Amino acid sequence: HNIWKTWALMAGFFVFVIAVGWIFSQALQSPGILYFAVLFSVIMNITSYWYSDKIALAINGAKPVAEKDNPELYRIVENLAITAGLPSPKIYIIQDASPNAFATGRDKYHAAVAVTSGLLERLDRTELEAVLSHELSHIGNRDTLVSTVVVVLAGLVALLSNWFLRWSFWGGMSRRSNDEGDSGQIQAIFMLVGLIFAILAPLVATLIQLAVSRRREFLADASGVLLTRYPDGLISALKKIASDPSPMRSANTATAHLYFENPFKADSGKGQRIPWLVKLFMTHPPVEERINALRQKI
């Protein structure tokens, strides 16, 4: 169910990008804008496909750890990778007291898992296995690629909208003032629609991006439990990580959706009922919802 919802959102996202490009091209009477939108999205996705792991690791200050420095961590990752039928990913550590982790990489052969020093200190072995199984599930489910694609598309929509607004007010208005008759009226309508799209499109793109991210978290939780066969371990890890009040010092808004739990501590919910409108802007599902979903599997 999560897989179908995710692909539906992805397909809708691509259609949305093309629609935004078409509206802007009609408003400015320049078909090249649509071609640029499609071509640029393809180029950016190819670039992010090859370098997303390096960028994410560098942004978050992740450093590679040798097996001799943490053999226990290596054993856990290797055992889970064998169980999942995956190559063992590269392992990184982020020096941060807040417990968290994320996975990145374009595919299972070029994947990496990064954990914070706080995660290694706060969690016991069962809980650590649960978190790592969740991250390995992201790799196996190709979530690391999906998340990269939606981030690039959301950024492209924001870039197009910003460019359209600037061009409209700096150069487009003077040219449109010379238009007369029915063609001028039609062009004015397209321009009005274009301005509405330029204002709302980045918001819609962000909401789609966040919706995809939340769907994949539920799927990774379920897949991770299939690896460990122990939902209580993941439930305990979720509670412990959510109860930690300190946000990550090295967290970045561009990569917040990659983490096991929101590094800014914005999605924990703390047991209260969260309004649906607030949920739309969350990078992760509320912790209580993730725990309830896992309890249904016990």
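How each quantity is defined
Residues numbered from 1 in each chain as written. Predicted model: local features only at pLDDT ≥ 70, side-chain atom pairs only at ≥ 80, totals over all residues. Heavy atoms only, no water. Patch = residues over 30% accessible without salt bridge, like charges linked within 9 Å, V, L, I, M, F, W, Y side chains within 5 Å. Areas by Shrake-Rupley, 256 points an atom, 1.4 Å probe, with all protein chains shown as cover. Salt bridge = Lys/Arg side-chain N within 4 Å of Asp/Glu carboxyl O. Helix = DSSP H or I, 4+ residues; strand = E, 2+ residues; numbered from the N terminus. Buried < 20%, exposed > 50% of the residue type's maximum accessible area, 1.4 Å probe, protein only. Pairing = 2+ DSSP bridges. Expected span 1.5 Å × (residues − 1). Arc of directions from axis to C-beta. Contact = heavy atoms within 4.5 Å. Axes fitted to C-alpha atoms, helices over the stretch in contact; angles between N-to-C directions. Core = buried A, V, L, I, M, F, W, Y, C linked by side-chain atoms within 4.5 Å. Parallel < 35°, antiparallel > 145°, perpendicular 65-115°, else oblique. Nonpolar A, V, L, I, M, F, W, Y, C, P; charged D, E, K, R; others polar. 1 Å grid on protein atoms, 1.4 Å probe; cavity = no way out; pocket = protein on both sides within 12 Å on 5 of 7 lines; lining within 4 Å. Points joined across faces, edges and corners; volume = space filled by probe spheres on them.

Asker: Is there a simple way to think about a nonpolar patch on the surface in this case?
Answerer: A cluster of nonpolar side chains, namely Ile 18, Val 38, Val 42, Ile 46, Trp 50, Tyr 51, Ile 55 and Ile 59, defines an oily patch on the protein surface of about 730 Å² accessible area. If you tally residues by element for the nonpolar patch, the top one is helix α2 (residues 32-59), at seven residues. Inspection of the secondary structure puts Tyr 51 in helix α2. Look at Tyr 51 and you get partly exposed, because its relative accessible area is 48%.

Asker: Before we go on, may I ask you to explain the pairing of strand β4 (residues 111-116) in this structure?
Answerer: Each regular strand shows side chains that alternate between the opposite faces of the sheet. Across the six residues of β4, six count as buried, placing the element largely inside the fold. Of the two faces of β4, the one carrying Ala 111, Val 113 and Val 115 and the one carrying Ala 112, Ala 114 and Thr 116 are both buried. With five bridges joining them, strand β2 (residues 90-94) and β4 adopt parallel strand pairing. In the strand pairing of β4, Ile 93 is matched with Val 115. Note that strand β3 (residues 101-105) and β4 share five bridges and pair antiparallel. Directly across from Gly 105, in β4, lies its bridge partner Ala 111. Between β3 and β4, which pair antiparallel in sequence order, lie five residues.

Asker: I would appreciate a short explanation of helix α3 (residues 71-84) in the present structure.
Answerer: Helix length check: α3 (14 residues) gives 20 Å between terminal C-alpha atoms against 20 Å at 1.5 Å per residue, within 8%. Among the residues of α3, Leu 73, Tyr 74, Ile 76, Val 77, Leu 80 and Ala 81 are the ones counted as buried. Buried positions in α3, seen along its axis, are confined to an arc of 165 degrees and lie on one side of it. In α3, the exposed positions that point more than 90 degrees away from the buried face belong to Ile 82 and Thr 83. Backbone geometry just downstream of α3 places Gly 85 in the positive-phi region, at approximately 70 degrees.

Asker: Sorry if this is basic, but what is going on with the sheet that holds β3 here?
Answerer: Strand pairs in the sheet, formed through backbone hydrogen bonds, run parallel or antiparallel to each other. Ordered in space as β1-β2-β4-β3, the four strands form an open sheet in which the pairing is mixed. Every other strand in the sheet has two partners, leaving β1 (63-64) and β3 as the edge strands with one partner each. Against the sheet, helix α5 (residues 125-140) engages β3 and β4, with an angle of about 150 degrees to β4.

Asker: What am I meant to see in the pattern of salt bridges here?
Answerer: A side chain with one charge can pair with a side chain of the opposite charge if their charged atoms come near. In the structure shown here, the tally under the stated rule is 11 salt bridges. Notably, a salt bridge pairs Arg 125 with Glu 72, separated by 2.0 Å at the nearest N-O pair. Note that Arg 125 is positioned in helix α5 and Glu 72 in helix α3, a separation of 53 residues in sequence. The exposure class assigned to Arg 125 is partly exposed, which follows from its relative accessible area of 38%. By relative accessible area, which is 31% here, Glu 72 ends up partly exposed.

Asker: How should the nonpolar core be read in this particular structure?
Answerer: Side chains of nonpolar character tend, in soluble globular proteins, to be buried together. In this structure, Val 115, Leu 119, Val 131 and Leu 132 are the most contacted members of the largest nonpolar core, which totals 33 residues. Of all elements in the fold, only α3, β2, β3, β4, α5, α8 (231-243) and α10 (287-295) reach the threshold of two or more residues within this core. Contact partners of Leu 119, with chain neighbours within four places excluded, come to Ser 98, Pro 99, Asn 100, Ala 101, Leu 128, Val 131 and Ile 241. Leu 153, Ala 154, Leu 160 and Val 212 belong to the second largest nonpolar core, which has 27 residues in total.

Asker: Got a minute to help me understand the packing of α5 against α8 in this structure?
Answerer: Relative orientation and spacing of two packed helices are given, respectively, by the angle between their axes and the distance between those axes. It is at 8 Å that the axes of α5 and α8 come closest, and there the two elements cross at 95 degrees. Considered as vectors, α5 and α8 are oriented roughly perpendicular to each other. Contact with α5, carried on its side by Thr 126, Glu 127, Ala 130 and Val 131, involves Gly 233, Leu 234, Ser 236, Ala 237, Lys 240 and Ile 241 of α8 and no other residues of that element. Among the residues making up the contact of α5 with α8, the classes are represented as five nonpolar, three polar and two charged.

Asker: When you look at the side chain of Arg 290 in this model, what are you seeing that I'm missing?
Answerer: As for its placement among the helices and strands, Arg 290 is situated in helix α10. Arg 290 sits in the buried class, given a relative accessible area of 0%. When sequence neighbours within four positions are dropped, the list of residues in contact with Arg 290 reads His 134, Glu 217, Phe 218, Asp 221, Leu 238, Phe 260, Glu 261, His 284 and Pro 285.

Asker: What is the right way to look at empty space enclosed by the protein in this model?
Answerer: A probe as big as a water molecule, rolled over the atoms, marks out the empty space that is left. All chains considered together, the criterion is met by one cavity of 30 Å³ or more. Taken as a whole, the largest cavity spans an internal volume of roughly 120 Å³. In this structure, the largest cavity is lined by Ala 103, His 138, Asp 143, Thr 144, Val 146, Ser 147, Ser 213, Arg 216, Glu 217, His 257 and Leu 258. Contributing elements (two or more residues each) for the lining of the largest cavity: α6 (143-176) and α7 (181-228). In terms of residue count, α6 provides more of the lining of the largest cavity than any other element does, four residues in total. When the residues that make up the lining of the largest cavity are grouped by side-chain class, the tally is three nonpolar, five polar and three charged.

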